[in-house]
Amino acid sequence: MDLSQLRACTSTRRLRSIHAILISSGRIRDVFFPTTLVSLYSRLGDLRSAALSFAHTPNKNIFSFNSIIATYIHHGLPFDAGRCFRSLLLAGPRVRPDEFTFPVALKASLDLSYGKAMHSLVRKLGLGWNVFVSSSLMHMYSRFGAVRDAEKVFVEMPERDSGAWNAMVSGFCQNGMAADAVRVFSAMVAEGVRVDRVTFASVLPVCAPLDDLLLGLAIHVFAIKQGLDVELFVSNALIDMYAKMGCIEGAQQKFDDMLDRDLVSWNSIISAYEQAGKPHTALELHSEMQKSGVQPDVLTLVSLASAVAQQGNVLSGRSVHAYITRRGWDTDDIIAGNAIVDMYAKLGVVELAQRMFDKMPVRDVITWNTLLTGYSQNGLADEAIDVYETMEQSEGIRPIQGTLVSVLPAYSHLGALQKGMRIHAQAMQIGLHSDVYVGTCLIDMYAKCGRLNEAVALFEKEIPRASSGPWNAIIAGYGIHGHGKQALRIFSQMEQEMVKPDNVTFVSLLSACSHAGLVDGGQRCFHVMQTKYGIRPVVKHYACMVDLLGRAGDLDAAYGLIRTMPIEPDSAVWGALLGACRVHGNVELGALASEFLFEIDPENVGYYVLLSNMYAKTGDWDGVNDVRSLAKRRHLQKTPGWSSIEVNNKVNVFFTGNQSHPQYENICKEAVILLAKMKSLGYVPDYSFVLQDVEEDEKEHILSNHSERLAITFGLMNTAPKTSIKIFKNLRVCGDCHNATKFISRITEREITVRDSNRFHHFRDGICSCGDYW
DNA sequence: GTAGGGTTAG
């Protein structure tokens, strides 16, 4: 019985019988045999026999320990490997870890301090000279984010082979230092170090973060020259590189060229199509993959979850979820769990997202972000904020960029300035306040919470402005505050600074122009967008244009644009026309727009209200009743209007005609006094905003019970004289209330700001900043 | 008798 006989053994059964012979012949007492058996059992996947063989090894030497440690590592059991390593340390002075032990044993380190202890042991034993040991140390450091320590090991190595260089490249890459990774790679090539497949697999992933397709192509060519592009790992990395650079053809080409593909190849190409917005192809490739006999893993399913989310198919979503659950991945794998939360959130079924979230045994910051974003993007700002505040209470979870980017819009939406400012402070603490994405959200938040000056200051001094995001935010900010000319000025500055506008820029610009009545400016933008920047208008741009033309009174042009637009108008377009008809009293065209709206978006009560409003204004009570009964037949209820005001850090919410506020009686008394003063200055109630066919007295009462009026009166009573008052209204401010507020600002010498669902109105000394144009 | 550095993801 010698080594070659043992090596030839390819079945567990045969190996066991040899094992038995070795025991009966007594040769098992030679440490060589049981140690070899450990490796052989391990290779055949028989972990139990390997462990037994190790346990029964007499006079274990370093080979015995190295074999069993490697066995556990290769079977994904770092904990057991660590246990064996510790018993090696306790085995006495005769057996000591050697240069073969550490490369494997280091994989068992669970945290940085454990790894550092291993490193000092390496130093004590004088094993740092070995390239395998040192590269493993580098790998360990990189794994725990201590890439600088890895670099130190690298620099101090007496000699470096390709493996060491590769470890340095991937160390930088895994820690997001793509530029350094490329630097090391170039140095490696320059110094004539042999590159191998691992080099290419390590360096290719840096191209995407650097957004450098040329680099990727150059590396690809270099790999071809080395004859390494056909290697499986390299091919897979190439597929991914092309996919991430948005070059789906390149990815597909590489995939087609491959002779044999593994799971990673399939996963990469599936994810490539999913991320290219082609979920259908992704799903097709998945079935092809199964036909070719490759079984999906967690990552396959993660891509599928995103694909079905994109398709908007809840049923497919549920079946993907069921598949993941059947495999037990939903609770075992945090990424799979997160993917399910994300999938349901994107499908708009936040309840299921929340249910998955609740079911997860472990959650990380991505889990929280995903749920938070889910609520935020489904318009549930309150819930999003709840999630954020609960997250803050949970131990070990610290917000990251994505967290702030998700929560800030929720505060913007609610106009919660104080809370938004708290996030600003947190961003400063974690050094994210001048991050472009966070900064853009901060600009948006300040603008939408009424602090345009702060928004401008951030834009001017704090936030990098090489990309369109911050520009779009500040343009939109000027827009909702009615400063259309400023918005246009910023846009020409943007052109001067050579920042490329995108379609969002033009949505912001057009709506800024429409709020300010800048018809010419808006039309110029609409033109420039197409001719100079080659941006084809989407339906949102048309909605802005219809709004712009319509509100300025050119209803014919607005309707003409709708009729000639090359894409199907949606509810926003017809809604803009209807709104303009309301302002300019064109009942006929308004009724026409409504017909489309009741068809396209039958659930939106706002349109029914607008139309009945128009009929009411002309005294056409039959028309009012028709619209109302239509809404009733469709079981629609008017969205309750509410206004809120923050006084002494407490938010007071008022509903129209709502009498539940503790100060309601006093507010009414105050309102009566105020109304008398207003009338003496010439205020005349505009009853056309009353939708009920009732007596005039009653109409006056209804108007002064509008939520914004209650909130303003409450504010006057509960804040110091001369201080300004800020009100938020969920719908558009009522025309009569708008007029009334002008009088109130004059009588009380107060500055009153009303943010409605559309824009800001700043009232001061009887004038509104919008110039009564909104 | 044994070893390191590698590709896909929420």
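Residues numbered from 1 in each chain as written. Chains lettered and ligands numbered in written order. Predicted model: local features only at pLDDT ≥ 70, side-chain atom pairs only at ≥ 80, totals over all residues. Heavy atoms only, no water.

You'll find chain A entered in an unreviewed UniProt entry as LOW QUALITY PROTEIN: pentatricopeptide repeat-containing protein At4g33990, with Dioscorea cayennensis subsp. rotundata given as the organism.

**Student:** Just to check I follow, could you spell out the UniProt feature "repeat: PPR" (unreviewed entry) in chain A for this structure?
**Tutor:** Under the UniProt annotation, the feature "repeat: PPR" (unreviewed entry) is placed at residues 130-160, 161-195, 262-296, 364-399 and 467-501. Annotated as 74% helix and 0% strand, the span residues 130-160 places its first and last C-alpha atoms 9 Å apart. Span residues 467-501 is 74% helix and 0% strand, its end C-alpha atoms 9 Å apart. (UniProt positions renumbered as here; feature names shortened; annotations may be inferred. Helix = DSSP H or I, 4+ residues; strand = E, 2+ residues; numbered from the N terminus.)

**Student:** Where do I start with the packing of aromatic side chains in this structure?
**Tutor:** When we look at a pair of aromatic rings, we describe it by the centre distance and by the angle of the planes. Per the counting criterion, the structure on display carries 18 aromatic pairs. Consider the rings of Phe357 and Trp368, whose centres lie 4.9 Å apart with planes at 80 degrees: the pair is edge-to-face. Here Trp368 lies in helix 25 (residues 365-377) and Phe357 lies in helix 24 (residues 350-359), a separation of 11 residues in the sequence. Residue classification places Phe357 among the buried positions, given a relative accessible area of 5%. Ring plane angle 45 degrees and centroid distance 6.0 Å describe the contact between Phe506 and Tyr533, whose orientation is recorded as tilted. Taken as a pair, Phe506 in helix 33 (residues 503-516) and Tyr533 in the loop between helix 34 (519-531) and helix 35 (539-551) lie far apart in primary sequence, 27 residues in all. Judged by relative accessible area, which is 0%, Phe506 ranks as buried. Following the ring pairs from residue to residue traces out a cluster consisting of Phe185, Phe200 and Phe222. If you follow Lys60 out to its NZ or CZ, it ends over the ring of Phe54, 5.1 Å from the centre. Looking at Arg160, its charged tip hangs above the ring of Phe154, at a distance of 4.8 Å from the centre. (Phe/Tyr/Trp six-rings, centres within 6.5 Å; stacked < 30°, edge-to-face > 60°. Buried < 20%, exposed > 50% of the residue type's maximum accessible area, 1.4 Å probe, protein only. Lys NZ or Arg CZ within 6 Å of the ring centre and 35° of its normal.)

**Student:** Is there a simple way to think about helix 38 (residues 587-600) in this case?
**Tutor:** Because each turn of an α-helix spans 3.6 residues, side chains separated by three or four positions end up pointing in the same direction. For helix 38, spanning 14 residues, the distance from its first C-alpha to its last is 20 Å, which sits close to the expected 20 Å at 1.5 Å a residue. Considered for burial, the residues of helix 38 that qualify are Leu589, Gly590, Ala593, Ser594, Leu597 and Phe598. Packed against the buried residues of helix 38 are helix 36 (555-564), helix 37 (571-584), helix 39 (605-617) and helix 40 (621-633). (Expected span 1.5 Å × (residues − 1). Contact = heavy atoms within 4.5 Å.)

**Student:** I tried to follow the environment of Asn236 on my own but got confused; where do I start?
**Tutor:** Here Asn236 is to be found in helix 16 (residues 232-244). With sequence-adjacent residues up to four places away left out, Asn236 is seen in contact with Met258, Asp262, Val264, Ser265 and Ser268.

**Student:** Is there a simple way to think about the domain arrangement of chain A in this case?
**Tutor:** How large an interface is tends to be reported as the accessible area lost when its parts come together. For chain A, the assigned domains are domain 1 (1-108), domain 2 (112-159), domain 3 (177-260) and domain 4 (642-768). Between domain 1 and domain 3, the C-alpha centre-to-centre distance is 38 Å. (Domains from an automatic or database assignment.)

**Student:** Looking at this model, I keep getting lost on the sheet that holds strand 2 (residues 650-655). Mind explaining?
**Tutor:** The strands making up a sheet associate through backbone hydrogen bonding, with each pair oriented either parallel or antiparallel. The six strands lie next to each other as 2-1-3-4-5-6, forming an open sheet whose pairing is mixed. Two strands in the sheet have a free side with no partner beyond their single neighbour: strand 2 and strand 6 (767-768). Where strand 1 (residues 642-647) meets strand 3 (residues 725-729), two bridges bridge the pair, whose relative direction is antiparallel. Its bridge partner lying in strand 3, Ser643 is registered against Lys729. (Pairing = 2+ DSSP bridges.)

**Student:** Any chance you could explain the packing of helix 31 (residues 468-480) against helix 33 here in plain terms?
**Tutor:** When two helices pack together, their arrangement is captured by the angle between the axes and the distance separating the axes. Between helix 31 and helix 33, the shortest axis-to-axis distance is 8 Å and the interhelical angle comes to 15 degrees. The orientation of helix 31 relative to helix 33 falls into the category roughly parallel. Remark: the crossing between helix 31 and helix 33 carries left-handed chirality. Across the interface between the two elements, Ser468, Asn472, Ile475, Ala476, Gly479 and Ile480 from helix 31 touch Val504, Thr505, Ser508, Leu509, Ala512 and His515 from helix 33. For the contact of helix 31 with helix 33, the residue count by class is six nonpolar, six polar and no charged. (Axes fitted to C-alpha atoms, helices over the stretch in contact; angles between N-to-C directions. Parallel < 35°, antiparallel > 145°, perpendicular 65-115°, else oblique. Left-handed = near helix turned anticlockwise from the far one by under 90°. Nonpolar A, V, L, I, M, F, W, Y, C, P; charged D, E, K, R; others polar.)

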